[in-house]
Amino acid sequence: MEISLSRGEIELLEELYSRGGRARLDDLKLAKSKAAAWANLLKDKGLLTIRERRKRYLTLSDRGRKHLEEGLPEEKLIRLLRERGGKASLEELRSYLAGEEFNVALGEGQKKGLIRLEKSEKGTFALLVGREVPERSILERISSTPLEESEVNHTVLKSLRKRGLVEVVERTEVELELTDLGRQAAEGRIKVVEEVGKLTRDLILTGEWRKRRLKAYDVKASPPVTYPGKPHPYVHFLEEVREILIGMGFVEVKSPIVEAEFWNFDVLFQAQDHPAREVHDSYQVAFPSEGADLSQYSSLVERVGMTHEHGWETGSKGWGYKWSFDIARRLILRSQTTAASARTLASGLEVPSKIFAIDKVFRPETPDRTHAIEFHQCEGVVLAEDMNVRHLMGFLAEFARQLGFREVKFKPAYFPFTEPSVEAYVKHETLGWIEIAGSGLFRPEMLIPMGYDYPRVQALAWGIGIGRLAMIRLGLDDIRELHSQNLEYLRRAKLVW
Amino acid sequence: MPVITVNMREFFRLLGEELDEDELTSLLEYTKVNLEAYDPEEGEIEFEVTADRMDLVAMEGLIRLIKGLMERELGIPRYPMRRKAFQVRVTESVRRIRPYVVAALVKGVDLTTEESLISLIEAQEKLHDTLGRKRKRVSIGLHDFSKVVPPITYDARPADKVSFVPLGEYAEMTAQEVLEQTEKGREYAHLIENPENLVPLILDSRDEVLSLPPIINSELTRLTPGVRDLFIDVTGTDLRAISYTLEIIVSAMGERGGEIHTLEVVYPDMKLETPKPEPSEMFVSEDFIRRMVGIPMSSEEIIHQLRRARLDASSDGSIARVMIPGFRADFLHPVDVAEEVAITYGLNNLGYELPLNVMTVGKRHPREKVSALVRTLMIGLGYQEVLNYVMTSRTSLFSSVGREERPVVEVANPVSESYSVLRDSLIPGLLHFLAANTHAKYPQRVFEVGDVVVVDYSYETRARDERRLAAAYADYSVGFEDIYSHLKALADNSGIELELESYGERPFLQGRCAKVMLNGVEAGLIGEIDPEILLKLGITVPVALFEIRLPIPEK
C-alpha cells in the first residue's frame, strides 16, 4: 500500500507527528490557512481527524487596560500606605483616591486581606497587612495573549468579570490528531509518494517532475472567480444591431445632441404647433440661450417654411399657418434620431443610399420601469428609385429576421413625416406579438424641399426603440437597468450573441 | 395618442351587430386604431386612435369606418341636410379675444340613452384635450336647441355686466364670478385674459347667454337624455381646427340619424357656411397610387378600397377623382390617398419583398470605429464597461466631485433637478459609479466610451458632442503608475504618441495629475483622485483615472 501526498500534506503530517500526533491548528509552525487546507485533504485520505471546539478566552476590556497601566484601586492604596510607613488615616487616603475608586480600594483591600482598619479617637486608620493582588498577573498575561477561561482561578475570574476588567471572546479551536493510518505513514510503515500540485519551471528544468507524481485534479470543484474586462451587455447588443445594419449595406450617420428644432421637426414637416414640440414632449435648451445658426442652409430653410405654409411646389396643401423662423432655430435636445436622417438627406445623398443611426434621444419623461430620461433609437433610411410600401415591409422583415424573429406582421400607423406609415410587429416566443418599429415612406413635403425627385425617388424609413428590444434580449424588466449603476450586475451579466 | 373608452352595449347597438374580440381586432388591422382593451365584464372597449384621425375619437366615427370595412355601407355617408337655417353674427370686439366661431344645428338625433350622452361628452372632452390643445385652440359648446331662440350672436361683453346660471350651478352669477369662483373658470380664465376685461359669449336673440367659451355653458341649454335637436358652437384661435372639430361632431350626430342644418356665420369681413355642405375633391393619378402601393391594381379596385374607407371616388381610367368629407383633415397630398388604398386593401395582404437591387456598401461611422478600437483595448486591459446618462445635475458634475464650475448645456424644462444639464466630462459619472459600488470586490476597473457636450458658440447649434473615453482603477493600493501604464498600453497598441505634461486640476491630486498629449495635441487628463473627494463620495480606496477625447488627433 502507498499513499500519494503533496509536499504540504507531508509537512503537516511530519509536524503533527513530531508534536506527538496531536496539536492545535494555531500552534503549528505552518501558515494557518495553508495548514487548514492540507488538514482537510489529509482528513479525506483518512490520515487524521479534525475536531472543532468552541473555547472561551479572556481579553482585556478598556477598563482592564486602564487599570493595568495606572494600577488597580487597591494597588494604589497599597502604594499610598507603603509611602506612609504602612499606616494612614482614611481621611488622608480619601484626599488621594477619588470617590468611587476609594470605596473599591477599601472594599477590595479588606476582602483580599491587604489592609486592616483600626478605629481610634483620632479617626479610622488603614494598616497595610498584605500585598498579593491576584488580578494583576492575569491582566498582565492576557494583555499579550488571550487566556482560556478555564485556566483562571474561579474566584479571581469572578472578580475580574464583576469588575469589568476583562471581556470574554469565543473562539473555535481546531485540533488535529493523527489516525493510526496517519501514524503509520509518518513512521514510514506505509510508503508515502510525494505528489506535485503545480507544475513549476523548476520542476521541469531539473527533471524532478519525472520523479514526482502529478496530482490529479478534482474537476468537479469550482475554480476561483474571475471578473474579466467586458463590454457592457447593452452596448454589446447595440454593436450587434450595428453589425446587422452594416451587413445590410447601411452607412452610419450622426447628428448633434443639442439640435435645432428645424432639423428635429420642421424639416420633417412637423407643424410648429404639433404637440410633440411642446414642453412636455421635448427638452428645450435654456443655455446656450442663442438659437442655432442656420445661415448655411438658408435656401432649404426658406423652402421648408413655404412648404409648411402652403405646400410650396410639393403638390401638398401645407399646414396653412404662419411659419416662424424663430421657432425653427430654437435649440432642443434631439428627441428623435430622424434628425440625423434629415441632416444627412439634406446634405444631398446619392441615389441609391442606405443610412442608419443608433444614438440617444431625450424626452422629459419621469423615469420609471418603462420610461428612461434618455434612451437609444435606431433609425434607418433606404433612399432609392421606385421604392414602395412592400419594399419598406421587406426591409423590416429582413431586419427582424436578422434579429432572430421569424414571424412579422404590419399595421397602419401615423407619423407626421411618413406616408404611408407602418408599424411592424414580431412574434416573440413568450411575449406574443410585440411592436418593434415605426416606419413609413418619407413624405413629399420632406423630400422635395431637400431636392429629391419625388415620387421617382422614395425614402423608406424606420425607427426602433432599440432599448426595449435589448430589454427582451437581456431579460430585463426595468429600462433603467440598461444604465445600471450596479457593478456586480455588470460583472455577472451574460452577453447575448 | 388619445385613448377612448366606449360603452360596449351602445357601441354594438349603433353598429347593429356584436363583434367578439378577435373579429374586432382583425377588422382594426385595416385601420390605424388599436384595440387596447375588450372587457365584457365592465362592458367597455378601449381604443387608441391616431392624431391624424380625430374623427375616430367619437365612437360614431369609428362605427362609420367599421361599417365601410365590413362593406355594409360604402362611400361618404349622405346625412340629410338643409342649408342656412339661421345666422350666427360675429362682432368686431370678440375677434380680439377669441377670434373664430363656427356652428351647426342638428335635428332629430338619437340620444335617448344615458350612455349615448356620456359618449358624446367624452368625445367632446377628448377633442378639447387634443385638437383643442386643452381648449386653447378649440372649444365646443353643445346645447339643447329647444331652449334656444335664433339667430345667434358671438359677442364680447364686460365680465361684470353680464350674468347667467352656469352649467351645474343653481343661481345666476356674473361672468366675473364665473371666472373667479367656479372650478372651470379658474382653470381656463387665462385663455381669454384681456386688458378690457371682456368675455366672449354665445348669445341667442333674447340676449340669453348660451355659453361663455372656452369655459362653460349655460344651465339653460343643458343636455338631457332624449334631447332631439342640438345647437353646436365651436370657438377658438384657428379657423381650420374649429371647422374640422365641428365636422367631427356634426358627422357623429349624423350617424345617430340627425338631420344637419348648415348655418351662416357672418363676420365683419367674411361670411362662412358651416359645416361645409360639400366634400372637397382631390385628383390623384392612379399610377401614382400603384407606384406607392407596389402591386398592380385595377381602377375599380382602387375606387372600391377608397369607398370602403368612406371616401367617394370615381375614375376616368387614369385619374381618380376623390371626394373627401369634412370630417377628414388628413388629405394634404395625393400620397395620403395612396395610403388610404394601401391600408384599406390591407398591408398584410400586399405582401412584402426585399429589393435586392439596392446595392450599397455599409460602413461604421468614424466616431464608432475609434470607439470600437479603444473598447477592445480597454476590455483587454481588464476593464468593465459601464454606461452612464448624458443628462445629469450640476451638483453631480461639479461640487460633489470637487470640479470647478464651468458653462454646460442646461435645459429649460427639466423633469427633475437630477437631470437638468448635459455632462461635459465622463469623470464625474465614473466617480459616482465607484461610489455606488464600494461594497463590490476590488480591484474595480471600469471604463466608459460616450458622448459629452461642450458649449461652443462657433458651432451651428452652439454646443458640440465630443466622444470620450474615461477609465478608472480603484483598489486597496493603486496609483498614477498603474493607470499610466494602461494608458500607455492603449496608446502603444493603437500607434499613438503619448506624452504627459505636469498639470494640476481637481478632482486630481496636485503633483499627481497630468495633461495627456496624444500625437502632440492636448487630449485629456490623467491622475490620482484627491482622497478628500473620495472620502466625500464614500470611497475609501485610492482611485487613479484618465479621460481622453476621441477621435484621436492625427499625427
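Rules used throughout
- Residues numbered from 1 in each chain as written.
- Chains lettered and ligands numbered in written order.
- Predicted model: local features only at pLDDT ≥ 70, side-chain atom pairs only at ≥ 80, totals over all residues.
- Helix = DSSP H or I, 4+ residues; strand = E, 2+ residues; numbered from the N terminus.
- Rg over C-alpha atoms; globule rule 2.2 N^0.38 Å.
- Buried ≥ 20, exposed ≤ 12 C-beta atoms within 10 Å, placed from the backbone.
- Contact = placed C-beta atoms within 7 Å.
- Nonpolar A, V, L, I, M, F, W, Y, C, P; charged D, E, K, R; others polar.
- Pairing = 2+ DSSP bridges.
- Domains from an automatic or database assignment.
- Expected span 1.5 Å × (residues − 1).
- Arc of directions from axis to C-beta.

Peer 1: I would appreciate a short explanation of the overall build of chain B in the present structure.
Peer 2: If you tally the helices and strands in chain B, you get 16 helices and 29 strands. For chain B, the C-alpha radius of gyration of 33 Å lies well beyond 24 Å, the compact-globule estimate for 555 residues. Principal-axis analysis of the C-alpha atoms gives chain B an extent of 90 × 65 × 50 Å. Taking all 555 residues of chain B together, 46% fall into the buried category. Contacts in chain B between residues far apart in sequence, at least 24 positions, make up 71% of those at least 6 positions apart.

Peer 1: Explanation requested: the environment of Met378(B) in the structure shown.
Peer 2: Topologically, Met378(B) is positioned in helix H12 (residues 366-380). Distance from Met378(B) to Leu490(B), taken between C-alpha atoms, is 7.4 Å for residues 112 residues apart in sequence. In contact with Met378(B), not counting residues within four places along its chain, are Gly229(A), Tyr383(B), Phe447(B) and Ala471(B).

Peer 1: Please clarify how the interface of chain B and chain A should be interpreted in this entry.
Peer 2: Frequently, the measure chosen for interface size is the accessible area removed from exposure when the parts meet. Each partner contributes residues to the interface: chain B has 78 residues there, and chain A has 81 residues. Of all the secondary structure elements, the ones that give two or more residues to the side of chain B that touches chain A are helix H8 (286-293), helix H10 (334-345), helix H11 (347-350), H12, strand E20 (384-385), strand E22 (410-411), strand E24 (444-455) and strand E25 (463-474) of chain B. Considering each element in turn, the side of chain B that touches chain A owes the most residues, seven residues, to H10(B). Split by residue class, the side of chain B that touches chain A holds 40 nonpolar, 17 polar and 21 charged. Pairing geometry for strand E13 (residues 285-287) of chain A and E22(B), over two bridges, is antiparallel. In the sheet register, Val285(A) faces E22(B), and the bridge partner there is Val411(B).

Peer 1: What is the right way to read the domain arrangement of chain B from this model?
Peer 2: Residues and elements named next belong to chain B. Domains assigned within chain B are domain 1 (3-69), domain 2 (81-274), domain 3 (280-350) and domain 4 (366-550). Computed over C-alpha atoms only, the centres of domain 1 and domain 2 are separated by 28 Å. At the junction of the two partners, domain 1 supplies 16 residues and domain 2 supplies 16 residues. With five residues, the single largest contributor to the side of domain 1 that touches domain 2 is helix H3 (residues 59-69). Considering only residue class, the side of domain 1 that touches domain 2 consists of nine nonpolar, two polar and five charged.

Peer 1: I'm lost on helix H13 (residues 298-310) of chain A in this one. Help?
Peer 2: An α-helical turn contains 3.6 residues, so any two residues separated by three or four positions project in the same direction. Residue and element names in this part refer to chain A. Relative to the 18 Å expected for 13 residues at 1.5 Å per residue, H13 spans 18 Å between its end C-alpha atoms, a close match to the ideal helical length. Every buried residue of H13 is listed here: Val301, Val304, Gly305, Thr307 and His308. The buried residues of H13 all sit within an arc of 160 degrees when viewed along its axis, so they share a single face. Of the residues in H13, the exposed ones pointing more than 90 degrees away from the buried face are Ser298 and Ser299. Along its buried surface, H13 packs onto helix H12 (261-264), helix H14 (325-328) and helix H17 (444-447). Positioned one or two residues after H13, Gly311 has a phi angle of 95 degrees, which is positive.

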